[in-house]
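Overview (structure and organization)
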Amino acid sequence: MRLDKYLADMSLGTRSEVKDLIRKGKITVNEKTVKDASYQVKDSDIVACSGQEVSYVEYEYYLLNKPQGYICALEDKRHPVIMELIRSKRKDLVPVGRLDLDTEGAILITNDGHLNHFLLSPKNHVPKTYYVETDKAIPETAVELFAQGVDLGDFTAAPAELRLLEERKAELTIHEGKFHQVKRMFEKAGCTVTFLKRLRFGPLDLQGLPTGEYRSLSEEEINELKKDQPSD
Ligand code: URA
């Protein structure tokens, strides 16, 4: 990898800012000043800026508590996108799956393409738990209906666990992530979702993370997400 990309990826500045640092002789590789931005950094190289080692972190993993009104996309003409909430200079970060514009809650953002692909694969049934509010009372029969797997026309939802909290409030855990799945399941049960928030995505929990904020995943969380991922 080029030295300027290495430094920009590690958030030392934009590509032109890091070129400036290189030109000014602030960057050393194995304790020797390197003034060539196109220098190819090797795995064994020790890169430093003003004497401070800059080690390369290949992958970044964030859990965002998505607010309503943001789109899970890289760019959009009409609405703000969730990537605007992440203060990272990495250009290759993408959300793992999607939440609707009016849905809040847990969304994983990473540049680890293998993990992203693995987590979204239909073979991998990552449990996702949603807090749901509805326009009218949720019938008790919905518990059994969802547990058996609801026929939604174009597909039958896999068995899901519904926990009724109040007349019009519940938690639902599904093991897939089809388009508008939760809203469509509740429509089948005879009520309309008026508020939807994803509380958990696999081992990741929103606890203590305010809406609109994000945090890096811990080593344990990353390992837990990857635990069934085939090595290639
Ligand atoms: N199900 C939905 O209906 N909407 C979401 O945003 C997520 C799951």
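No experiment lies behind these values; they were computed from the predicted model shown.

1. Let's talk about the domain arrangement of the protein chain
Parsing the protein chain into structural domains produces domain 1 (3-53), domain 2 (61-122 + 203-226) and domain 3 (127-201). Put simply, the middle of domain 1 and the middle of domain 2, counted by C-alpha atoms, are 29 Å apart.

2. Here we look at the site of the ligand
Taken together, Leu99, Asp100, Thr103, Tyr130, His180, Gln181, Val182, Lys183 and Leu196 make up the full set of residues near the ligand. In this structure, Gln181 approaches the ligand through a main-chain N or O atom, which is 3.5 Å from an oxygen atom. Counting residues per element, the shell around the ligand draws most heavily on helix H5 (residues 181-188), which supplies three residues. Among the residues making up the shell around the ligand, the classes are represented as four nonpolar, three polar and two charged.

3. Observations concerning the environment of Asp20
Summarising the element assignment, Asp20 is placed in helix H2 (residues 15-23). Residue class for Asp20 comes out partly exposed when judged on its relative accessible area of 28%. Note: C-alpha distance between Asp20 and Ala37 (17 residues apart in sequence) is 9.2 Å. Of the polar contacts made by the side chain of Asp20, one reaches the side chain of Arg23; its length is 2.8 Å.

4. With respect to the environment of Glu176
If you trace the backbone, Glu176 turns up in the loop between strand S10 (169-174) and H5. As a C-alpha pair, Glu176 and Arg2 span 174 residues in sequence and 40 Å in three-dimensional space. The contact partners of Glu176, leaving out residues within four places of it in the chain, are Lys128, Phe155, Thr156, Ala157, Ala158 and Gln181. Of note is the side chain of Glu176, whose polar atom sits 3.1 Å from the backbone nitrogen of Ala158.

5. A closer look at the sheet that holds strand S2 (residues 32-33)
Pairing in this open sheet of four strands is antiparallel, and the strands run S2-S1-S3-S4 from one edge to the other. Single-partner strands in this sheet number two, and they are S2 and strand S4 (52-53). In terms of strand pairing, strand S1 (residues 27-29) meets strand S3 (residues 47-49) through three bridges, oriented antiparallel. Each residue of the ladder has a partner; that of Val29, found in S3, is Val47.

6. A word on the packing of aromatic side chains
One pass over the full model with this rule turns up five aromatic pairs. With centroids separated by 5.3 Å and ring planes inclined at 85°, the aromatic side chains of Tyr62 and Tyr214 adopt a geometry described as edge-to-face. Linking Tyr62 in strand S5 (residues 61-66) with Tyr214 in strand S13 (residues 214-216), this pair joins segments that are 152 residues apart in sequence. Exposure class is identical for Tyr62 and Tyr214. Each is buried. Here Phe146 and Phe186 contribute two aromatic rings whose centre-to-centre distance is 5.3 Å and whose plane-to-plane angle is 75°, an arrangement assigned as edge-to-face. One end of the pair, Phe146, is in helix H4 (residues 141-148); the other, Phe186, is in helix H5, with 40 residues separating them in the sequence. Among the residues examined, Phe146 registers a relative accessible area of 0% and is labelled buried. Here Lys178 stacks its cationic end above the ring of Phe155, 4.4 Å away from the centre of that ring.

Definitions and cut-offs
- Per chain, residue numbering runs from 1 following the sequence as it is written.
- Reporting of local features is limited, given that this is a predicted model, to residues whose pLDDT is at least 70; pairs of side-chain atoms are given and counted only at 80 or more, and all residues count toward the totals for whole chains, interfaces and linings.
- Water and hydrogen atoms play no part in the side-chain values, which are based on all heavy atoms of the structure.
- What fixes the domain bounds is an automatic or database domain assignment.
- Throughout, near means a residue has at least one heavy atom within 4 Å of the molecule or strand.
- Polar contact criterion, stated in full: a pair of N or O atoms within 3.5 Å, where within protein one must be able to donate a hydrogen and the other to accept it, and residues adjacent in sequence count only if both atoms are side-chain atoms.
- Under the DSSP-based scheme used, a helix requires at least four consecutive residues in state H or I and a strand at least two consecutive residues in state E, with every element numbered from the N terminus.
- All residues other than Ala, Val, Leu, Ile, Met, Phe, Trp, Tyr, Cys, Pro, Asp, Glu, Lys and Arg, Gly among them, are scored as polar; the first ten of these are nonpolar and the last four charged.
- Using a 1.4 Å probe on the protein chains alone, a residue whose accessible area is under 20% of its type maximum counts as buried, one over 50% counts as exposed, and one in between counts as partly exposed.
- We call two residues contacting when some pair of their heavy atoms lies within 4.5 Å.
- Each pair of strands is called paired provided DSSP finds at least two bridges between the two strands.
- Between 30 and 60 degrees the pair is tilted, below 30 it is stacked and above 60 it is edge-to-face, where a pair is any two Phe, Tyr or Trp rings, Trp via its six-membered ring, whose centres lie within 6.5 Å.
- Only Lys NZ and Arg CZ are tested; either one counts as a charge over a ring when it is within 6 Å of the ring centre and within 35 degrees of the ring normal.

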